[in-house]
Amino acid sequence: MSKSKGIRRRWMVNSISVLLLIVLFAVAAFSAAMASYFYSNMSISMEAKVKSTVSFFRSYTTETSYLQAARTTAETFEEKDVLELQFLSSQGTVNYSSNGLTIAGSYPNTPDVERAMEDTTDGTSPWMGRSQQTKERIIAVSAPILNNGRVVGVVRMVSSLSHVDQQVILIAGIALAIGAMIVSMVYFSNLYFVRSIVEPVAAITDTAKRIAGGSYGIQMEKKYDDEIGDLTDAINDMSMKISQSEKMKSEFISSVSHELRTPLTAINGWAETIMNGEVRDAEDVRKGMSIIVSEARRLTNMVEELLEFSRIEDGRFTLSIEPMDIKAELEDAVYTYREFFKKEGIVLNHTDCEEEFPPIPGDPERMRQVFCNLLDNASKHGGSGKRVDTAIRREGNMVAITIRDYGPGIPEDELPHVKYKFYKGRSKARGSGIGLAVCDEIITRHNGKLDIGNAEGGGCVVTISLPIGT
């Protein structure tokens, strides 16, 4: 659970922190844009009013007439509730104001007034800052009144920014609330999504621990048809294969123990009998010695088979490749087993083809091992049919070798597994269950293919396909 919590925490911290930074940046950018929009619109509107007022006063050529008109204009200013209209002298002191709070003769001393007094082009000078009197944020726009290129006065409009600031703060708060809602929605959706990943992973981890503890074969319920579902299928498949492997290993140990015990019992029994002098007849002694030799050879073959499998498992299995006459190798194996089959009452038929095959690259000793193993299997598992057929033929650029018996065949459900190591199925015949696995490995290393199936009319047929040429 600690690992699951760690994954959840890392996921949430990484995703939410990035989203939070993006939202904060977006809110800040949006608020700044809205503030700039409101302030610039207010500034543009006030500049237009100031320019209109300045153009009206251009017709007054004397300072006296200008002051009289300024007083009248200030007293009758209609927007005095939202704007303060001020008329300043050429020295920058207030002459008249539409708002009684500004005292005549006071000196604003703000950058907009200073720029206006120095300007001789009828331009406007906006400025935002804090009022010296009220200490509130204000916006002021000033423009000079010119007479023959000389500044005779300044028109100044002032407005409080408190209302605009409140609007900007309100918009920023709304944007921040929307951003918080987005972050919350993403947080809870991520929390649900992470939980849908972490909980199955925790269940898979628990199952893997149980498998590691020896509970082979347990299965998990597949709840998701996605990568988690694929992982569940893989764990279930691994669990089943481990269970099958353990079962086959146990069966293999039991089978090998039995296979070793039987010949050892015969060897020990006859050896003790002969050694104690209980058998005096020469024929019986020869028979006993023959059994000892046969069973010893059987043990040797079994040990050799186990050693071959061990070499395959640890990568020490090698081939001695040389040009090989495949027909001759098969005929030698058939000749070797024909007499043995005859003693068992089994007829071994070989069908040869007239075509001569070019030498193919291979290991003759390993191929004889394959042929002998397959013929031995045919006698053990299909000997009840009293007949085994072998044949060799050409199929395109491949040489095909078949070995068929006429026994009971292989159950269909066991066919896909017969080449697996240790697998013996329901067969009661002697053997370790690794012979076909070794044969399949040898044929595969010859770039060939080993197929095992049931033949029409009964019995089992093994087909070896090997490429002709390099």
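As the structure is a computational prediction, the values presented were derived from the model and not from experiment.

## Regarding a nonpolar patch on the surface
Here is step 1 of the chain: On the surface, a nonpolar cluster with roughly 360 Å² of combined accessible area is contributed by Leu170, Ile174, Ile178 and Ile182.
Here is step 2 of the chain: Structurally, Ile174 can be placed in helix H4 (residues 162-212).

## A closer look at the environment of Leu306
Here is step 1 of the chain: Structurally, Leu306 can be placed in helix H6 (residues 282-314).
Here is step 2 of the chain: Its relative accessible area of 26% is what places Leu306 among the partly exposed residues.
Here is step 3 of the chain: Note: C-alpha distance between Leu306 and Ile434 (128 residues apart in sequence) is 7.8 Å.

## Some remarks on the packing of helix H7 (residues 326-343) against helix H8 (residues 364-382)
Here is step 1 of the chain: The geometry of H7 relative to H8 is characterised by a closest axis approach of 9 Å and an angle of 35 degrees between their N-to-C directions. Along this stretch, H7 crosses H8, giving a crossing that reads as right-handed. From H7, Ile326, Glu329, Leu330, Ala333, Val334, Tyr337, Phe340 and Phe341 reach across to H8, where they touch Pro364, Met367, Arg368, Phe371, Cys372, Leu375, Asp376 and Ser379.

## Topic: the sheet that holds strand S9 (residues 387-395)
Here is step 1 of the chain: Strand order in this open sheet of five strands is S7-S9-S10-S12-S11, and the pairing throughout is mixed. In this open sheet, the two edge strands, each paired with only one partner strand, are strand S7 (347-351) and strand S11 (449-454). For this sheet, the mean inter-axis angle between neighbouring strands, taken without regard to orientation, is 15 degrees.
Here is step 2 of the chain: In the sheet, S9 pairs with strand S10 (residues 398-405) via eight bridges, with the strands oriented antiparallel. Across the sheet, residue Thr390 finds its bridge partner in S10, namely Ile403.

## Notes on the nonpolar core
Here is step 1 of the chain: In terms of nonpolar packing, the biggest core is built from 39 residues, with Ile326 and Ile464 touching the most fellow members.
Here is step 2 of the chain: In terms of nonpolar packing, the next biggest core, distinct from the first, is built from 25 residues, Met46, Phe77, Ile145 and Met157 among them.

## Remarks on the packing of aromatic side chains
Here is step 1 of the chain: Summed over all chains, the structure comprises seven aromatic pairs.
Here is step 2 of the chain: Aromatic pair Phe57 and Phe87: ring centres 5.1 Å apart, planes at 55 degrees, arrangement tilted. Within this pair, whereas Phe57 is found in helix H1 (residues 2-57), its partner Phe87 is found in strand S1 (residues 84-89), the two being separated by 30 residues in sequence. Each member of the pair, Phe57 as well as Phe87, is classed as buried.
Here is step 3 of the chain: Their ring planes at 80 degrees and their centres at 5.8 Å tell us that Tyr337 and Phe341 sit as a pair that is edge-to-face.

Procedures and definitions
- Residues numbered from 1 in each chain as written.
- Predicted model: local features only at pLDDT ≥ 70, side-chain atom pairs only at ≥ 80, totals over all residues.
- Heavy atoms only, no water.
- Patch = residues over 30% accessible without salt bridge, like charges linked within 9 Å, V, L, I, M, F, W, Y side chains within 5 Å.
- Areas by Shrake-Rupley, 256 points an atom, 1.4 Å probe, with all protein chains shown as cover.
- Salt bridge = Lys/Arg side-chain N within 4 Å of Asp/Glu carboxyl O.
- Helix = DSSP H or I, 4+ residues; strand = E, 2+ residues; numbered from the N terminus.
- Buried < 20%, exposed > 50% of the residue type's maximum accessible area, 1.4 Å probe, protein only.
- Axes fitted to C-alpha atoms, helices over the stretch in contact; angles between N-to-C directions.
- Left-handed = near helix turned anticlockwise from the far one by under 90°.
- Contact = heavy atoms within 4.5 Å.
- Pairing = 2+ DSSP bridges.
- Core = buried A, V, L, I, M, F, W, Y, C linked by side-chain atoms within 4.5 Å.
- Phe/Tyr/Trp six-rings, centres within 6.5 Å; stacked < 30°, edge-to-face > 60°.

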